[in-house]
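Structure assessment
Single-letter residue listing:
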Amino acid sequence: MVVLLGLWALYQGLHTESVLKKSLYAYTIYSAALTPVILAAFYWKRATASAAVASIFTGTFVTVFWDTAFIHAHLPAVISDRDAIFPALLASLLFLITVSLLTPRPTESHLRAFAES
């Protein structure tokens, strides 16, 4: 897995048109995929580990594939011309909430390990 991530990073580094564009891309993945999970870990006791993984995967997936020909061909230009942050964030939140509600809630003993002493 580490090798694949390294190859992906090398590919992106070699095909960089603009450092600013890549920075925006990285921050979009961070804000859409990780921020909802981090906030849910602090503020929503119903959030589950499965939901966190699904949320991170979905937010990253939408961000990576948002600017593809498939999206531009199947969605109106008003939507497909937008930056990936909004659809990725919405998809990430949707999966976080849905998977959390469909999976068993964390047990009290599990939550107690993370409680303040």
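Above this text you will find the structure in question.
Now for a description of the structure that goes with this document.

What counts and how
Residues numbered from 1 in each chain as written. Predicted model: local features only at pLDDT ≥ 70, side-chain atom pairs only at ≥ 80, totals over all residues. Heavy atoms only, no water. Axes fitted to C-alpha atoms, helices over the stretch in contact; angles between N-to-C directions. Helix = DSSP H or I, 4+ residues; strand = E, 2+ residues; numbered from the N terminus. Parallel < 35°, antiparallel > 145°, perpendicular 65-115°, else oblique. Left-handed = near helix turned anticlockwise from the far one by under 90°. Contact = heavy atoms within 4.5 Å. Nonpolar A, V, L, I, M, F, W, Y, C, P; charged D, E, K, R; others polar. Expected span 1.5 Å × (residues − 1). Buried < 20%, exposed > 50% of the residue type's maximum accessible area, 1.4 Å probe, protein only. Arc of directions from axis to C-beta. Patch = residues over 30% accessible without salt bridge, like charges linked within 9 Å, V, L, I, M, F, W, Y side chains within 5 Å. Areas by Shrake-Rupley, 256 points an atom, 1.4 Å probe, with all protein chains shown as cover. Salt bridge = Lys/Arg side-chain N within 4 Å of Asp/Glu carboxyl O. Phe/Tyr/Trp six-rings, centres within 6.5 Å; stacked < 30°, edge-to-face > 60°.

1. Here's the deal with the packing of helix H3 (residues 49–65) against helix H6 (residues 85–102)
The geometry of H3 relative to H6 is characterised by a closest axis approach of 8 Å and an angle of 160° between their N-to-C directions. Here H6 runs roughly antiparallel to H3, going by the angle between their axes. Classified by chirality, the crossing of H6 by H3 is right-handed. Here H3 contributes Ser50, Ala51, Ala52, Ala54, Ser55, Thr58, Gly59, Val62 and Thr63 to the contact with H6, which in turn contributes Pro87, Ala88, Ala91, Ser92, Phe95, Leu96, Val99 and Ser100. Taken together, the residues of the contact of H3 with H6 break down into 10 nonpolar, 7 polar and no charged.

2. What about H6?
The terminal C-alpha atoms of H6 lie 25 Å apart, and with 18 residues this matches the ideal 26 Å at 1.5 Å per residue to within 8%. When H6 is considered as a whole, its buried residues turn out to be Ile85, Ala88, Ala91, Ser92, Leu96, Val99 and Ser100. Taken down its axis, H6 places every buried residue within 145° of arc, on the same side. Opposite the packed face of H6, turned more than 90 degrees from it, sit the exposed residues Phe86, Leu90, Leu94, Leu101 and Leu102. Residues of H6 that are buried sit in contact with helix H2 (19–43) and H3.

3. Considerations on a nonpolar patch on the surface
On the surface, Met1, Val3, Leu4, Leu5, Leu7, Leu10 and Leu14 cluster together into a nonpolar patch covering about 820 Å² of accessible area. Taking relative accessible area as the criterion, Met1 reaches 73% and is therefore assigned exposed.

4. Brief notes about the packing of aromatic side chains
The geometry of two aromatic rings is summed up by the distance between their centres and the angle between their planes. Under the criterion given, the structure shown has 4 aromatic pairs. Aromatic pair Phe57 and Phe61: ring centres 5.9 Å apart, planes at 25°, arrangement stacked. One end of the pair is Phe57 and the other is Phe61, both in helix H3 and 4 residues apart, which spans about a single turn. Classification of Phe57 by relative accessible area gives exposed; the value is 56%.

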